[in-house]
Amino acid sequence: MCPVPQGRMSVETVDRVAAVTSGRPSTPLQTSWFEFLLDGSLLENHLQKSYPDPTPVQLIIQFLEQASKPSVNEQNQVQPPADNRRNRTLKLLALKVAAHMKWDLDALEKGLTIPVLNMLLNELLCVSKVPPGVKHVDLDLSTLPPTTAMAVIIYNRWAIRTIVLSSFPEKQTKPGPHQMNMLSIVQQEKEMTENILTVLKEQATDSISVLEGALQLKKDFYVHTLRTLDLLAADAAANGETESSTAGLRISADELHCQVNYDLGGIFFQQGCTDQTAYEKARDHFRQTKELFTKLDSTVHVHLDEKRLAGYWNACKALTEDCDPSDTQNTPYNQINSLIRAHNHQAVIEAFIKDNMCRSLPNNFRRSVLREFLYKVQQGESSLDEVCYKLCVCNAVRDALEGEVLSVRFHQLLLKPSKKMVDFILEVCTLSLEKDRPSESSRRNMATFMKTLCETLQELPLLMGVSSHKLFVELLKEEDRKVLVEQLRKRSATINLSAKPLPSFYDIPASSSVSIGQLEQQLILSLEPRRIRQILIELHSMAERPFWRVNSKWEVPKDYINVILGIKDNLTKDLVYIFMAKGLHCISIKDFPHARQLYSACLELVTEFSPKLRQVMLNEMLLLEVRAHETMAAEGSKERPPSDLVSRVRGYLEMRIHDLPLRQVVGEECVAFMLNWRENDYLTLQVPPSLVMNNPYIKIGQLLASTCKELPGPKECRRTAKELWDVVVQICSMSVQHKRNNDGRVGLIKQRESSMGILQRSENNAKQHNHTLRLTLILVLSFSHPFRSKFITFIKKLREPLVLTTLISLFVRFHSIVRDDIVNEVTAEHLTIWPSTLLNIQAVDVEAVAVTVKELVSYALTLNPNNQSWLITQADIYFGENRPAAFVPVVTSAVRMTNQYSAALNLYLQAGAVCSDFFTKTVAPDVYSDQVLKRMIKCCSMMNCHTQVAVLCQFLREVDYMTAFKALQEQNSHDAMDSFYDYIWDVTILEYLTHIHHKRGETEKRQIAIKAIGQTELNTSNPEEVLQLAAQKRKKRFLQAMAKLYF
């Protein structure tokens, strides 16, 4: 905070002086954020007020906003927020406010945006001493301090809740003319939110695993309070008070389990649309929630919506068929859903008619059932047409009985009536009135409905049928009947009914707002272009407003937004926007047939008036076909793409149209497509140089294609490999920017210096390097913000094994150089083609390189889990991570290291299994090299499996007797010990075992060792071939036993 210059008063000071000197009463001034910095006790006093101003969530926003403001140095360069006492105190104040709110995620989510809440919870993880750089799923919550474990649980609860909430439709804010200049700020926040959501969704499985692990813990938990946070600020954590079992706010195990089960039920229910089994998991979690919620005496720390829980529970029971239509204890919802699943449509209609009397089913549920049948009709089940109109009639009669406005769909039915339909309407009306004594309001509303029916029907025979029905006679007074019949007679005398066309849709005597709302709902649900066009025409005749804003989930690429919103005709603008938005949604859920229909309709529409938009749609249709073909390939199809698709991809890559908006993702996917189908000749020889200069993905693709094409000859490919290496090094160089850690949290790292470093070459070499410099600069600027997410996104579009192997090789070498750890060096294929040194190693973002290696290898293994080279690389990565951190508690560090060694050994065994038909053949020496075997020995040793260590020592080219003997001396072994003696073929080791057991007095184990050494095939006098055969047999059996143990 800057001091106020002498001779001038700040605005706050002027306001205070005015408030004191003025004779009239004034509104209390809002407390400024900086006052809480000056007075340590002010915050707690402020929060105790009945109506604090600013409110708690406003305080959190102000504190974090001030703490994250960038600064400007003397050279007028923008710097990241300084890590000083002021900013640390502001972050701590924000945490204190959240602690005062008892970490109620409901309240925090309502008041804070996703980026702000993400920043707040990351600070909670930081102050709670959650080990940085370790994925939450790799932590053992039972060994963490209570407040640390609770911080991890809160963060992961928020992660899955945010994913669920983001899937709900939101009413889009409609900015006025004076707000248009705010669109860029809103867009920036939206992009930040999308980036966070992308990471949360990628890590959803991990978050679910963390919370499922929390359910296994039966102890109470403790969360930070204002007191424990004060202790942290005063550095009192050194005595362990803030980590003890009594510090913080106590949350009972039942309360936590109730809340976690509710949150897990929500995420599984959301996943149910793509995975039916997820509904069963959701049902189980909601059942646990209901049981625990009923059991709890106090629910002060449980924040859930009981009505939503009941809705979730009913929905899960219906979706998992966990109900019986004959069960009288079933709710009406479950009975209806059971009838629908049993295809007993007549019973559904009868249940709706019966419900018109008792009215136990809510109207929204009845309408949702009708929508479900209408959707089936749209999908081609035309036999359900009659069921749809009957349900619509039942709902209309229910609306009429309750005095509600009749639906648009019912009025549409009356435009084309039939005698059968009218008879059914009269039948439903008769059955829907209470049999004994219908209420006066029901009789009055039904009479109004009968009158409306007569006024709407145009055909005389149908009118006479209604007016002569006994219900009509009973409900309408005699004078009303006479007036109505007279009106009908006059109308029939003056109008030739057979010649009159059907009335327009817009003549329907319904509430305009209700009609528009129902049409908007149909617009959201429909995927049929003709129907969408029809609905929009009807909507535009009723109200003149932009209907592309109806659903906030409808989004088009920002590259196209200005072109589309620039269309002058509002109807056309809505059509183009909605066709494209729905098409993009269909592509995202892999519904390619509907996407083709929508894009074709959009192309046909824009061709009439805009060549620019026509080319945009052709580009998007190309992207659609590329993704459709790549999806088929990912699902196992070996069919090569048709030649015309390859030609269209080439055409796009070579296209140069002035002032045409281009989406970078289209070029990205086209290059990935060419790499995946080994179109290396085109990328290396035929692609125009001007194209390489302007598209960074083309350059990356060209370098990858060139390097792969010249493999395995290291000398020939070193030149192109060096170019690819230089580009990746420049991308990974940095100065200061925001970066995401591998556990999804956002931190600060140095931003790339590449744009400066590239340009600092000598003038003498300027001409020689000009071309390379420009290409590299384009690549760096394209990938540098944020580097990892963009580059990893591109990599995850690649499937070609050689391309992935090349990238893995590059990053493994890069990682080895910057890490400089010879003992734990990671291995990969083709390492010799890359440079072995790095000039400016200080400028490299080491953590980003490490995370990229992990994600790249993990992704490659999802495509081919049986690639032994990738498995060995992944195993080496796990093996190399087993270095305890100084700030991690000893127990936690030991557990984490054991898990990492176990994972590494699992992968080493997998690599051997895939290349030997599950160890029925000998594992090749280049797979189980001495280095790999020594790492397997180290893994077993660190897990205290010392007998396995002794067995593996025999696998080395020269048996390591020292390590084997030392391992056998260990008495605290966690493996089966003597059960592994049958796998030992080295007589020296067996003799040592016999000696050890004799020395310890272990008679039984000594006899087992003697029996093993007495086998005739191990006799040292045997021919070498017999001894080798005995060794190979025991190797295979041992490795198979290890695989069963660790797989």
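What counts and how
Residues numbered from 1 in each chain as written. Predicted model: local features only at pLDDT ≥ 70, side-chain atom pairs only at ≥ 80, totals over all residues. Heavy atoms only, no water. Salt bridge = Lys/Arg side-chain N within 4 Å of Asp/Glu carboxyl O. Helix = DSSP H or I, 4+ residues; strand = E, 2+ residues; numbered from the N terminus. Core = buried A, V, L, I, M, F, W, Y, C linked by side-chain atoms within 4.5 Å. Buried < 20%, exposed > 50% of the residue type's maximum accessible area, 1.4 Å probe, protein only. Contact = heavy atoms within 4.5 Å. pLDDT = per-residue confidence, 0-100. Phe/Tyr/Trp six-rings, centres within 6.5 Å; stacked < 30°, edge-to-face > 60°. Lys NZ or Arg CZ within 6 Å of the ring centre and 35° of its normal. 1 Å grid on protein atoms, 1.4 Å probe; cavity = no way out; pocket = protein on both sides within 12 Å on 5 of 7 lines; lining within 4 Å. Points joined across faces, edges and corners; volume = space filled by probe spheres on them. Nonpolar A, V, L, I, M, F, W, Y, C, P; charged D, E, K, R; others polar. Disulfide = S-S within 2.5 Å. Polar contact = N/O pair within 3.5 Å; in protein donor to acceptor, adjacent residues only side chain to side chain.

Digging into the pattern of salt bridges
Tallied over the entire structure, the rule returns 36 salt bridges. Of the charged contacts in the structure, one is a salt bridge between D220 and R250, with a shortest N-O distance of 2.9 Å. Here D220, found in the loop between helix 10 (204–215) and strand 3 (221–223), pairs with R250, found in strand 4 (residues 249–251); they are 30 residues apart in sequence, far enough to count as distant. Overlapping salt bridges, with partners in common, bring together D106, E109, R157, R161 and D263 in one network.

Some thoughts on the nonpolar core
With 164 residues, the main nonpolar core has F814 and Y928 as its most contacted residues. Residue contacts for Y928: discarding those within four places in its chain leaves Y908, L909, G912, F919, V923, L933, M936 and L1039. The next biggest cluster of nonpolar side chains, apart from the first, holds 79 residues, and it includes L92, L93, W158 and L200.

Re the confidence of the model for the protein chain
Of all residues in the protein chain, 80% attain a pLDDT of 70 or more, and the chain-wide mean is 78. For the protein chain, per-element mean pLDDT is lowest for helix 37 (residues 754–758), which scores 31, and highest for helix 45 (residues 946–953), which scores 94. Of the regions scoring below 50 in pLDDT, residues 494–514 engages in 23 contacts with residues more than four places distant in sequence or in other chains. Low confidence marks residues 884–894, where pLDDT is under 50. Its contacts with residues over four positions away, or in another chain, come to 9 contacts.

Topic: the packing of aromatic side chains
Applying the stated criterion across every chain yields a total of 19 aromatic pairs. Among the aromatic residues, those joined into a ring-pair cluster are Y262, F269, Y279, F286 and Y312. Over the face of the ring belonging to F424 we find K390, whose NZ or CZ atom lies 5.2 Å from the ring centre. Stacked on the ring of F955, the Lys or Arg K1035 has its end atom at 5.4 Å from the ring centre.

A short note on the environment of A1009
Within the secondary structure layout, A1009 lies in helix 48 (residues 1003–1013). Using a relative accessible area of 0% as the deciding quantity, one classes A1009 as buried. Separated by 27 residues in sequence, A1009 and D982 have C-alpha atoms that sit 8.4 Å apart. Setting aside its immediate chain neighbours within four residues, A1009 contacts Y981, L990, L993 and T994.

Notes on empty space enclosed by the protein
A complete count under the given rule lists 7 cavities of 30 Å³ or more for this structure. Elements that contribute at least two residues to the lining of the largest cavity include exactly helix 6 (105–111), helix 8 (146–166) and helix 12 (253–271). Ranked by residues supplied to the lining of the largest cavity, first place goes to helix 8 with 4 residues. Among the residues making up the lining of the largest cavity, the classes are represented as 7 nonpolar, 3 polar and 6 charged.

Comments concerning unusual backbone geometry
Phi at K129 takes a positive value of approximately 65°, unusual for a residue other than glycine. Following the sequence through the fold, K129 ends up in the loop between helix 7 (114–127) and helix 8. The phi dihedral of R678 is positive, around 55°, even though this residue is not glycine. Position of R678 among the secondary structure elements: in the loop between helix 32 (664–676) and helix 33 (680–686).

Topic: the state of the cysteines
With the rule as written, the count across this model stands at 0 disulfides. Of the cysteine sulfurs around C392, a residue in no disulfide, the closest is that of C388, at 8.9 Å. The class of C392 is buried, set by a relative accessible area of 2%.

As for the environment of L471
Position of L471 among the secondary structure elements: in helix 23 (residues 470–475). Using a relative accessible area of 5% as the deciding quantity, one classes L471 as buried. Put simply, L471 and A447 are 24 residues apart on the chain and 8.6 Å apart in space, counted from C-alpha to C-alpha. Ignoring anything within four residues of it in the chain, the contact list for L471 reads C429, T430, L433, M446 and M450.

Things to note about helix 15 (residues 332–341)
Buried residues of helix 15: N334, I336, N337, S338, L339 and I340, and no others. Those residues of helix 15 that are buried are in contact with helix 14 (306–319), helix 16 (345–358) and helix 17 (363–378).

Points about the side chain of N261
Mapped onto the elements, N261 comes out in helix 12. Engagement of the side chain of N261 in a polar contact is seen with the side chain of H285, the distance being 2.8 Å. Setting aside anything within four residues of it in sequence, one finds N261 in contact with L215, H285, Q288, T289 and L292.

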